[in-house]
Amino acid sequence: MDIKNLIKQAIEAREMAYAPYSGFKVGAALLSVCGKVYTGCNVENAAFTPGICAERTAVSTAVADGVRKFSAIAVVGGADHLADDCFPCGVCRQVLMEFCPPGFQIIVAKSPEEYRVFTLGQLLPHGFGPSNLE
Ligand code: THU
């Protein structure tokens, strides 16, 4: 996996963020197991609650394209400049849990050179997922 390239795509996706209320722009690049990348940005709303995070935008785009298996996601965020850490929120972790295995990699990046890699299992231990309903 080309981590730097995935981060670059997340940085590019962040440019499209619609975040007039928080001013915090987030970009995500989701890598499918077949190698295709789906990007997303946060899309806020005047009514606040309907706003959606970058990660879930990327997941929804992929699922709408018929893709449900993923190996990694790169996430970047910040107001003026990229923040040190932009971890996926709890809701996004839960949505990733729906489609991704515990070893799925979550790359929290500040730049293509500065990043940290976590697994979904680390960020959402003992999560509730599809297997719980089998
Ligand atoms: N945000 C994301 O896009 N992803 C996250 O995981 C954290 C938060 C967005 C939501 C909102 O538009 C802005 O960042 C500030 O919370």
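Residues numbered from 1 in each chain as written. Predicted model: local features only at pLDDT ≥ 70, side-chain atom pairs only at ≥ 80, totals over all residues. Heavy atoms only, no water.

When you go through the chain residue by residue, the secondary structure sums to four helices and five strands. Taken from N to C terminus, the helices and strands of the chain fall in the order α-β-β-α-β-α-β-β-α. Over its C-alpha atoms the chain spans a radius of gyration of 14 Å, differing by no more than 12% from the 14 Å that the globule rule assigns to 134 residues. With the C-alpha coordinates of the chain rotated into their principal frame, the extents come out at 45 × 35 × 30 Å. Burial analysis of the chain (134 residues in total) assigns 42% to the buried set. Expressed as a percentage of contacts within the chain between residues at least 6 apart in sequence, the contacts between residues at least 24 apart total 62%. When the accessible surface of the chain is summed, it comes to about 7100 Å², and 55% of that surface belongs to carbon and sulfur atoms. (Helix = DSSP H or I, 4+ residues; strand = E, 2+ residues; numbered from the N terminus. Rg over C-alpha atoms; globule rule 2.2 N^0.38 Å. Buried < 20%, exposed > 50% of the residue type's maximum accessible area, 1.4 Å probe, protein only. Contact = heavy atoms within 4.5 Å. Areas by Shrake-Rupley, 256 points an atom, 1.4 Å probe, with all protein chains shown as cover.)

Glancing now at the packing of aromatic side chains. The description of two aromatic rings rests on the distance between their centres and on the angle between their planes. Inspection of the entire model under this criterion finds three aromatic pairs. Taking the centre distance of 5.7 Å and the plane angle of 45° together, the rings of Tyr21 and Phe48 count as tilted. Residue Tyr21 is located in the loop between helix 1 (3–14) and strand 1 (25–32), and its partner Phe48 is located in the loop between strand 2 (37–41) and helix 2 (54–64); the two are separated by 27 residues in the primary sequence. Of the residues examined, Tyr21 reaches a relative accessible area of 41% and is grouped as partly exposed. Classification of Phe48 as exposed rests on a relative accessible area of 59%. Here Phe70 and Phe99 contribute two aromatic rings whose centre-to-centre distance is 6.4 Å and whose plane-to-plane angle is 85°, an arrangement assigned as edge-to-face. Taken together, the positions of Phe70 in strand 3 (residues 70–78) and Phe99 in helix 3 (residues 90–99) put the pair 29 residues apart, joining distant regions of the chain. (Phe/Tyr/Trp six-rings, centres within 6.5 Å; stacked < 30°, edge-to-face > 60°.)

The full count for this structure, using the stated rule, is three salt bridges. Its salt-bridge partner being Lys110, residue Asp84 comes within 3.1 Å of it at the nearest N-O pair. Remark: Lys110 occurs in the loop between strand 4 (105–109) and strand 5 (115–119) and Asp84 occurs in the loop between strand 3 and helix 3; sequence separation between them is 26 residues. Overall, the relative accessible area of 31% leaves Lys110 in the partly exposed class. (Salt bridge = Lys/Arg side-chain N within 4 Å of Asp/Glu carboxyl O.)

Within the secondary structure, Phe118 sits in strand 5. Each residue touching Phe118, except ones within four places of it in the same chain, is listed here: Phe87, Phe104, Gln105, Ile106, Val108 and Leu123.

By size, the foremost hydrophobic cluster in this structure holds 22 residues, and its most contacted members are Leu30, Phe70, Ile73, Leu96, Phe104, Ile106 and Leu120. Those elements that place two or more of their residues in this core are strand 1, helix 2, strand 3, strand 4 and helix 4 (120–123). By residue number, the principal contributor to this core is helix 2, which donates four residues. Setting aside residues up to four positions removed in sequence, Phe70 forms contacts with Leu30, Leu31, Ser32, Val33, Ala62, Phe99, Cys100, Pro101 and Phe104. By size, the runner-up hydrophobic cluster in this structure holds twelve residues, among which are Ile3, Ala10, Leu31 and Ile107. (Core = buried A, V, L, I, M, F, W, Y, C linked by side-chain atoms within 4.5 Å.)

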